[in-house]
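One letter stands for each residue in the lines below.
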Amino acid sequence: MTILEEAPPITAAIQATGVARAFGSVQAVQDATLTVERGKVTALIGPNGCGKTTLMLMLAGLLRPDAGEIRVAGADPRTDSAAVRAAIGWMPDQLGSWDNLSCLQTLTLVGQSYRIPAAQARAKGLSLLRKVHLEEFADRPTRVLSRGQKQRLSLARALVHDPAVLLLDEPANGLDPRSRVELRQYVREIAAEGRAVLVSSHVLAELDEMVDDAVFMSKGRTLGDDAARMVAHARTRYRVWSLDVDALRRALTDASVPFEEAEGGAMVSIADEAHAQQALAWLVGAGVPVHRFGPAGSALEQTYMAMEEDRR
Amino acid sequence: MTTTETSPNPTVTAPARKGNPWLPTLHGTFLVTRIELLRRRPSTKGWIFYGILLAAILGLGILVSVLSTAEKTSTPLELVLVLVLGAGMLIGPSLSATSINGDSGEGVLAPLQMTHLTAGDLAVGKLLSSWFVAFAVLVTTTPFLVYAYARSGWHLGELLLVLVVILFLVLTATAVGLAWSAIAARAVASVSLAHLTTGVLVIGTLVLFAFTAPLVSDTMTETDRYVAWDELSDEQSTALEDAYNTGDFSAVDPDALVCDEETYEYGIAHTERTAWMVLINPLVVIEEVSPLVNPLTFEEDGRAAPGIFANVHQMVSSARIGPTEADAQMMEYDECADIATMASGDDESADGGNAYQDTWEQQQEEQAMYPRTPWLGLGLQVLLLVGAMAIVTHRLRVPYRTLRTGTRVA
Ligand SMILES: Nc1ncnc2c1ncn2[C@@H]1O[C@H](COP(=O)(O)OP(=O)(O)O)[C@@H](O)[C@H]1O
Ligand SMILES: [Mg+2]
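Remember, it's a predicted structure, so these values are computed and weren't measured experimentally. (Residues numbered from 1 in each chain as written. Chains lettered and ligands numbered in written order. Predicted model: local features only at pLDDT ≥ 70, side-chain atom pairs only at ≥ 80, totals over all residues. Heavy atoms only, no water.)

Draft legend 1. Quick look at the overall build of chain A. The secondary structure content of chain A amounts to twelve helices and 13 strands. When the backbone C-alpha atoms are referred to their principal axes, chain A occupies close to 70 × 45 × 40 Å. Considering only residue pairs separated by 6 or more positions, chain A has 71% of its internal contacts joining residues 24 or more positions apart. With the model as given, the accessible surface of chain A reaches about 13,300 Å², and the carbon-plus-sulfur share is 50%. (Helix = DSSP H or I, 4+ residues; strand = E, 2+ residues; numbered from the N terminus. Contact = heavy atoms within 4.5 Å. Areas by Shrake-Rupley, 256 points an atom, 1.4 Å probe, with all protein chains shown as cover.)

Laid out in C-alpha cells, this is it:
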C-alpha cells in the first residue's frame, strides 16, 4: 500500500525517550523509552496500573509528558499534534460510543472529522464494518452492541483514516475466542500493510503469536534490554515429552545437550525453528519415543512471571 | 454500497495538517453541531415532553386570548417573551452543562479530540447545538407570538430586536453552562453551577440591589410646618375649622396664624449608584430593549397602555435617576403656606393638589421616557460569552497539561 511505498525504511514510527508523567503525587509513568517500527507489531506488557494507558495517551498526543521526547511519524505531539493525529489510530481502553447513532453513521462522522469527504468516509466505514463483522449492525444504534461488538467498532473507528501507526489499548478485552483469533490475524494484516502497531495487553498467550517485539513495563518504567533478553531466552525454550522419560534424558546426556528436567520429559534450548526440526528428527532417529514437542509455553508469559515486580 | 463491493479496502484521502491549531473552523464547527444534534435526536419520551411543552404554551396562549379584551395590550407578548427567555435560559445551560464532562465520562470526547477537529470546533459546535434546542422552543411559541404581537402595539422591528437579544442571552447562558461543564468533573456539579449562575444574574442582582440600598442612603433633614392649634385664639380655630370644612378660606387671616415647625430626618437611597446591579439583570436587559411607552400619550402614539415592561422600565429609570429636587419638594409639607395660598383666593383649594399632580405626572413621564440603556447588561453578556468560550476552548486543547481533578482522559 501507499504507506509502505512512502515509508522511509529506517525511521521508527514511534520513538519515545525518557518519557515521564505524574498525576499529582502519583508518578504514573517514570521513565519510558520505546521504539515502534513500521510493519511490526510491538507489545506493551505490564501489570495493572503500571502506566501503559498513560504512556499511550502521551504517544497519542492527548496528554502532555512532564519530561522526555516523543516522535510519532517524525512529529512532536506537543507542537505538531495535527500531524500526529493524522498518523495515529487510537483505540482507547474505555469503550464509548454515541448511543443514538448507528455504527455506520459513527464511522462516517469520525471519518469526516478527519476531513475525509462524506462519500469516501461512508465507503470506508462500510468496508471496516465488514472487516470487523459488524455489517449487520451498520444501521442499528450503537447502544444495542454488546461489549465485544463495541470493542470491534472501536477498532474500526481507529482505522477510518488509514493511520500509519495504530495504538491498541487492551484490544482483546471482552472479545470471544473467535474474535480474538480474528483480531490477531487482522492486526498482523495491518502490520503487513506497513503500519506500525503498538498493542497493550495482559492476555499474554495471545500476544505471543501476534507480536514481533515486546516492551515490558513495571511501575512506570520500561524494562529495556534485560526484558528483551529474557524474552529471547524464553523463545528458545522447547519442551519435549517422551513416553520413556529415562530414554529421553539418556539420549540428551549422551549427546551432552544441556537440559532441565520437567514433568514427563525435559526442557531444552533451541535457537530457531530450523534447529528445532533437526533436533526432533535426531531424537526420533535415536529411538526416543517423543509424543509431544514444542515451545515451552508463552515466552512473554514466562518473562512476565519472571519479572519480580508487583502489581500496583 | 457498490463502490465498496468492488474495492475491499477503499482508500481515503485525509489531508495532511500541521501544527497544533485550536481556532474553530467552519467545517469542523458544522460537523460537531451536526453530530451533537444527531445524538440529541429526541426519543419517544422526548417527543412526548416536547408535545406537552407545546401544548402548555398553546394552552396558555388560548387562555390569555380568551381572558383578554379586544383593546391593545402588550401583556401577552411580554409574557411570551419572558417565557421564551426563561425556557431558553433553563434548557440551553441544562444541555450544555453536561456536554463536556458527560462526554468525557462516556468516553466519546477523547476519540473526537484525536481527529482533525480543533478545540474551537468542539467548543463552538457544542455551544451551537445546545443553543439550537433552545431556539426550537422559540419556534414552538411562534403561533402565540404572532397573535400576541398583533395586539401589542409594538412595531415588527422592535419585536425582532427583542427576539435577537433573547437568543443572544440564551446563547450566553448556554456558553456559561458549557464552561462549567469544562471545569467541573461531575455533571451534577456543572448543571447546578450553571443554573446558579443564571439565578445570580436574574434574582441575585435584584436581591443585592435591595440589600445595598441602606449602604447608599443619605440622611436628609426636612422641615414641615403646621398650624399650632393650641396657640390659636378661639375665633381663629373656629374660622380655620370652618374654612377646612367649607373650603372657603376668606375668613382666615394667614398672617395671624401661629405656626409650629417640625424638623425630622429621613433616609433617601442614592440608587443611581447601585442601579447598575439591576441593569445587568437579563430580564431588565430585555425590558431595556423593548419600546418605550409614554403613559400620557400612549393612545395617540398607537401603543397599548404601559405593560409590565414599561412599568419595569419606569422603576429602573427611577432607580437610575435617583432622588431628585422634585422628590424632596413633594416630601415637604407646609400647612401655613398652603393656607396662605388658598386665603389669597388665587386658586381653588384643589390648586395644591394640582401642582402636586402635575409634578407627579411629569416625573412619571420623565421616568417612562428615560433613555434605555441595555448596554451595560449586553456588555456583561458579551464578556461572559467570550470568557466562557475562552475557558472551554482552553480546557479542550490537547495535549492536556492538567485534567479535571479526579478524571481520566479515557
Ligand atoms: N487521571 C489520573 N489521575 C490520577 N491518577 C491517574 C490518572 N490516570 C492514571 N493514574 C494512575 O497512574 C497509574 C497508571 O495508570 P494507567 O496508565 O491507567 O495504568 P495501566 O493502563 O497500565 O493499567 C495508576 O496508578 C493510576 O491510578
Ligand atoms: Mg490501561
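Draft legend 2. Representation of the domain arrangement of chain A in the model. Residues and elements named next belong to chain A. As far as domains go, chain A holds domain 1 (12-223) and domain 2 (236-310). On a C-alpha basis, the centres of domain 1 and domain 2 stand 37 Å from each other. The interface is formed by 14 residues belonging to domain 1 together with ten residues belonging to domain 2. A combined buried area of about 970 Å² lies between domain 1 and domain 2, and 71% of that area is made up of carbon and sulfur atoms. When the buried surface of domain 1 facing domain 2 is broken down by residue, Leu-204, Asp-208 and Phe-216 rank first, second and third, together holding 48% of it. For the pair domain 1 and domain 2, the number of links is zero salt bridges. (Domains from an automatic or database assignment. Buried area = accessible area lost by both parts, 1.4 Å probe. Salt bridge = Lys/Arg side-chain N within 4 Å of Asp/Glu carboxyl O.)

Draft legend 3. Main features of the site of ligand 1. The environment of ligand 1 is formed by 15 residues, the closest being Gly49(A), Lys52(A), Thr53(A), Thr54(A) and Arg408(B). Around ligand 1 the close residues trace back to chains A and B. One nitrogen or oxygen atom from the main chain of Gly49(A) is found 2.7 Å from an oxygen atom belonging to ligand 1. A distance of 2.6 Å separates an oxygen atom of ligand 1 from a polar atom in the side chain of Thr53(A). Calculation on ligand 1 without its partners gives an accessible area of 560 Å², and the protein chains cover 77% of this total. Mapped by element, the contributors of at least two residues to the shell around ligand 1 are β2 (26-36) and α2 (52-60) of chain A. Looking at the shell around ligand 1, its residues break down into six nonpolar, six polar and three charged. (Near = heavy atom within 4 Å. Polar contact = N/O pair within 3.5 Å; in protein donor to acceptor, adjacent residues only side chain to side chain. Nonpolar A, V, L, I, M, F, W, Y, C, P; charged D, E, K, R; others polar.)

Draft legend 4. Quick look at the packing of helix α7 (residues 119-140) of chain B against helix α18 (residues 375-396) of chain B. Residues and elements named next belong to chain B. Following both chains from N to C, one finds α7 and α18 inclined at 130 degrees, their axes separated by 8 Å at the closest point. With respect to their mutual orientation, α7 and α18 come out oblique. Taken as a pair, α7 and α18 cross one another with a handedness that is right-handed. For the pair α7 and α18, contact is made by Ala-119, Gly-120, Leu-122, Ala-123, Val-124 and Leu-127 and by Leu-385, Met-389, Val-392, Thr-393 and Leu-396, respectively. When grouped by side-chain class, the residues that make up the contact of α7 with α18 number nine nonpolar, two polar and no charged. (Axes fitted to C-alpha atoms, helices over the stretch in contact; angles between N-to-C directions. Parallel < 35°, antiparallel > 145°, perpendicular 65-115°, else oblique. Left-handed = near helix turned anticlockwise from the far one by under 90°.)

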